Amino acid sequence: MTELLTHFRARKDDMLDLLGELVRRESFTADKARVDQLADYLEGLLGHFGAKSLQRLPQPEVGDFLLAAWNPTAPGKPVLVLCHIDTVHPLGTLVESPIRHDGDRWYGPGALDMKAGAVIVLTALQSLHNQKRLARPVKLLMTTDEEIGSPQSRAVIEAEAADAELVLVLEPATPEGAIKTARKGGAKYTLTIEGRPAHAGIAPQLGINAIIEFAQQALEINGLNDLKYGTSVSVTRVTGGSAGNVIPAHVEAHIDTRAITSAEMQRVEQALASLYPKMPGAIVRCQRQGFRPPMERQAGIFERAAEIAARQGITLEEGASGGGSDGNFTAAMGIPTLDGLGAHGDGAHTLHEHIITDSLPRQAAVIAALLLEWNAGG
């Protein structure tokens, strides 16, 4: 059976047209006004794509979220689909890197990560709705702060996922075209060192050198790495000192941590919380600023998805990623989660960002098949 794949291949040009509309509406996370313009456009389209209810969730600092539902009164738990419509590309990137085609590659800022994902799921839902084949409840949550760690949307995501049967995340596939069944967790910390200023020539002995204290802390922090097993602890940015002839009294450093398992995340967090001054009189503080739990592989979930896709003549492969997504949150809740169901391509966050055009109908067929066949019983 390849009827879904055949159907969506016939809609490939429509999908590319919609992708062009989305990419031309630049939506840098920090530019709320422009992100809201894209939300306006999508809000006007969702009814056309079969949504029976639509909520706009206003946000004071980032673009507004959209929560749409198909078959909201149908029996059973809903499938929750997650998309983000913000990108890392500042306004004007489209001038520097305009939309272009090169064989089977379609270039445009934000196309891969992840406006193509929105096109894929909207097309799949529209087709199933128009064919009157969609019997289950489906929710689609479009957020606007994923690229900065989802600080505003995390609570909404977790609330909507709490009663979901399955979560589908339309982030791009791996560069090899695999869906993602595991992702590292990540946390960011701010390390603050307080020393005491003094004149570097007249009375250096009266000072407490915050940079020297930091240097000792940095060596200890670096020792937390276990790269062989996927744990990285990286000091990524440091500022300190006030003048060339003053013993520095303040240092601030940023620390990025990644790990495959929750146990490793906890080990690193406990170690950072336990840092203590090496120099008498110094003050050391380490505070967590952001956190995504690991998306640990869930037994049996990929295998079920692969069986469903195989019935449409599509072979699924699975992979993992060192980066996080909103799927980390739902997987950590124990909700079955499949990630990387978006477009195939490469160059996310770069000026050569592109999708492989044939992946649009392929992934739409996968999404449609999962919505038609997935059931809690296996």
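This text goes with the structure placed above it.
So, a few notes on the structure that sits alongside this text.

About the thresholds
Residues numbered from 1 in each chain as written. Predicted model: local features only at pLDDT ≥ 70, side-chain atom pairs only at ≥ 80, totals over all residues. Heavy atoms only, no water. Helix = DSSP H or I, 4+ residues; strand = E, 2+ residues; numbered from the N terminus. Buried < 20%, exposed > 50% of the residue type's maximum accessible area, 1.4 Å probe, protein only. Contact = heavy atoms within 4.5 Å. Phe/Tyr/Trp six-rings, centres within 6.5 Å; stacked < 30°, edge-to-face > 60°. Lys NZ or Arg CZ within 6 Å of the ring centre and 35° of its normal. Pairing = 2+ DSSP bridges. Axes fitted to C-alpha atoms, helices over the stretch in contact; angles between N-to-C directions.

Focus: the side chain of Arg183
And then number 1: As for its position among the elements, Arg183 is in strand E8 (residues 179-183).
And then number 2: Residue classification places Arg183 among the buried positions, given a relative accessible area of 5%.
And then number 3: The contact partners of Arg183, leaving out residues within four places of it in the chain, are Glu171, Pro294, Met295, Ser321, Gly323, Gly324, Ser325, Asn328 and Asp339.

Observations concerning the packing of aromatic side chains
And then number 1: For the coordinates displayed, the defined rule picks out 0 aromatic pairs.
And then number 2: Positioned over the ring face of Tyr41 is Arg25, at 3.7 Å from the centre of the ring.

With respect to the sheet that holds strand E1 (residues 53-57)
And then number 1: As summarised here, the arrangement of the 6 strands in space is E1-E2-E6-E3-E7-E14, forming an open sheet in which the pairing is mixed. Two strands lie at the open edges of the sheet, namely E1 and strand E14 (337-338), each paired on one side alone.
And then number 2: Pairing analysis gives 5 bridges linking E1 to strand E2 (residues 65-70), with the strands arranged antiparallel. By the bridge assignment for E2, Leu54 is matched with Ala68.
And then number 3: Lying over the sheet, helix H3 (residues 32-45) contacts E1, E2 and strand E6 (138-143), oriented at roughly 170° with respect to E1.
And then number 4: Together, strand E3 (79-84), E6, strand E7 (166-169) and E14 form the strand contacts of helix H11 (residues 359-373), whose direction differs from that of E7 by roughly 175°.

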